[in-house]
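Each chain is listed here by its residues.
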Amino acid sequence: MLTVYIDFKSADAYLAMAPTLALARRRSIDLVWKPFRVIEREVPPLRSKETIGESHRRVRAQSQRDLAIKYAAHQGIDLQFPASIGSTDLALAVLGAIEVDPLPYIRAAFEAYWVSHADLDDPRILSRLMTDSRTELSCDFNTARDRFDLAQTEAEETGIVGVPAYLIQEQIFIGRQHLPWIEDLVCNT
């Protein structure tokens, strides 16, 4: 079993979907999807007088986005960053409250955020996503949010600090670049 932590607003988590699913198919392993809220930052605007630190943060943020766009193109995805980074807390709370296969919902939520740039903190949008993906909750939205807050704290205490994060054999890996190492662990158990 491989536990995968995601946030729908994370380009890295979005781009990790296909390789993670491919690994699960190749090695016949079950995936357990968990929500984890990350802080994504906007690319700071260019200022006429920047400090070295401000310039570094702006160039690094833009470089990370450019790299994500290149990786997305390699997967056949036309990655378009939204004009502003929105909250995905309700969508993550819903993920934590799904008792059946969450994959249809996960796919729908990633597409809603990255293709339609939908507000994944809007109950009306989440209700539609759940209907479209035939997803039912085990509780109401407020209870799901409360459970998500507890799960977030638990994940942080476990050592999760970013997404995608993978937990296997009590080892934590942050980032999709670790999938070959994770696959080696699966093969050697």
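Residues numbered from 1 in each chain as written. Predicted model: local features only at pLDDT ≥ 70, side-chain atom pairs only at ≥ 80, totals over all residues. Heavy atoms only, no water.

Re the environment of valine 59
So the rule is basically this: Put simply, DSSP marks the helices as runs of H or I at least four residues long and the strands as runs of E at least two long, and each gets a number from the N terminus on. Each residue is assigned to one of three classes by its accessible area relative to the maximum for its type, calculated with a 1.4 Å probe on protein chains only: buried under 20%, partly exposed between the two thresholds, exposed over 50%.
Relative to the helices and strands, valine 59 resides in helix α2 (residues 52-74). Here valine 59 falls in the partly exposed class, since its relative accessible area comes to 46%. Between the C-alpha atoms of valine 59 and serine 133, which are 74 residues apart in sequence, the distance is 38 Å.

Points about helix α7 (residues 179-187)
The test is simple: The arc in question is the one spanned by the directions pointing from the helix axis to the C-beta atoms.
Along α7, the positions that sit buried rather than exposed are Leu179, Ile182, Glu183, Leu185 and Val186. Down the axis, α7 shows its buried residues gathered within 155 degrees of arc, on one side only.

Some thoughts on the environment of tyrosine 166
Cut-off, in case you're wondering: Each polar contact in these results corresponds to two N or O atoms within 3.5 Å; when the atoms are within protein, one needs to be able to donate a hydrogen and the other to accept it, and residues that are neighboring in sequence are counted only if both atoms are side-chain atoms.
Residue position: tyrosine 166 is located in strand β3 (residues 165-168). A relative accessible area of 0% means that tyrosine 166 is categorised as buried. Measuring from C-alpha to C-alpha, the distance between tyrosine 166 and threonine 3 comes to 5.6 Å, with 163 residues separating the pair along the chain. A distance of 2.7 Å separates polar atoms of two side chains, one belonging to tyrosine 166 and the other to threonine 20.

A closer look at the nonpolar core
Side chains that are nonpolar tend, in soluble globular proteins, to be buried together. The line we're drawing: Remark: nonpolar core denotes a set of buried residues (Ala, Val, Leu, Ile, Met, Phe, Trp, Tyr, Cys) joined through side-chain atoms within 4.5 Å. By definition, residues are in contact when any of their heavy atoms lie within 4.5 Å.
If you look at the biggest cluster of nonpolar residues, it comprises 59 residues, and the most contacted ones within it are Phe8, Trp33, Tyr105 and Leu120. Ranked by the residues each element gives to this core, the list is headed by helix α1 (residues 11-27), at 9 residues. Apart from the residues within four sequence positions on either side, tryptophan 33 is in contact with Val4, Ile6, Met17, Thr20, Leu21, Leu95, Pro102, Leu103 and Ile106.

Describing the pairing of strand β2 (residues 31-35)
In plain terms, the rule: Paired strands are those between which DSSP finds at least two bridges. Here a crossover is taken to be right-handed if, once the strands point away from the viewer, the path from the first strand over the helix to the second is traced clockwise.
Judged by which residues are buried, β2 turns out to be one-sided: Leu31, Trp33 and Pro35 face inward and are buried, whereas Val32 and Lys34, on the alternate face, are not. By the bridge criterion, 5 bridges tie strand β1 (residues 2-6) to β2 in an arrangement that is parallel. Among the inter-strand pairings, isoleucine 6 is bridged to a residue of β2, identified as proline 35. In terms of handedness, the path from β1 via α1 over to β2 forms a crossover that is right-handed.

Description of the pattern of salt bridges
Rules: The salt bridge criterion pairs a side-chain nitrogen of Lys or Arg with a carboxyl oxygen of Asp or Glu, the two atoms within 4 Å.
Applying the stated criterion across every chain, the model contains 10 salt bridges. In this structure, arginine 145 and aspartate 121 form a salt bridge, with 3.2 Å as the shortest nitrogen-oxygen distance. With arginine 145 in helix α6 (residues 141-158) and aspartate 121 in the loop between α4 (103-114) and α5 (123-132), the pair connects residues that are 24 residues apart, well separated along the chain. For arginine 145, a relative accessible area of 27% gives the class partly exposed.

Notes on α2
Basically, it comes down to this: Take the number of residues in a helix, subtract one, and multiply by 1.5 Å to get its expected span.
Counted at 1.5 Å a residue, the expected span for α2 with its 23 residues is 33 Å, and the 33 Å between its end C-alpha atoms agrees. Along α2, the positions that sit buried rather than exposed are Arg58, Ala61, Arg65, Ala68 and Ala72. Each element contacted by the buried residues of α2 is listed here: α1. With its phi angle positive at about 80 degrees, glycine 76 sits one or two positions after the end of α2.

These figures capture arrangement, not role.
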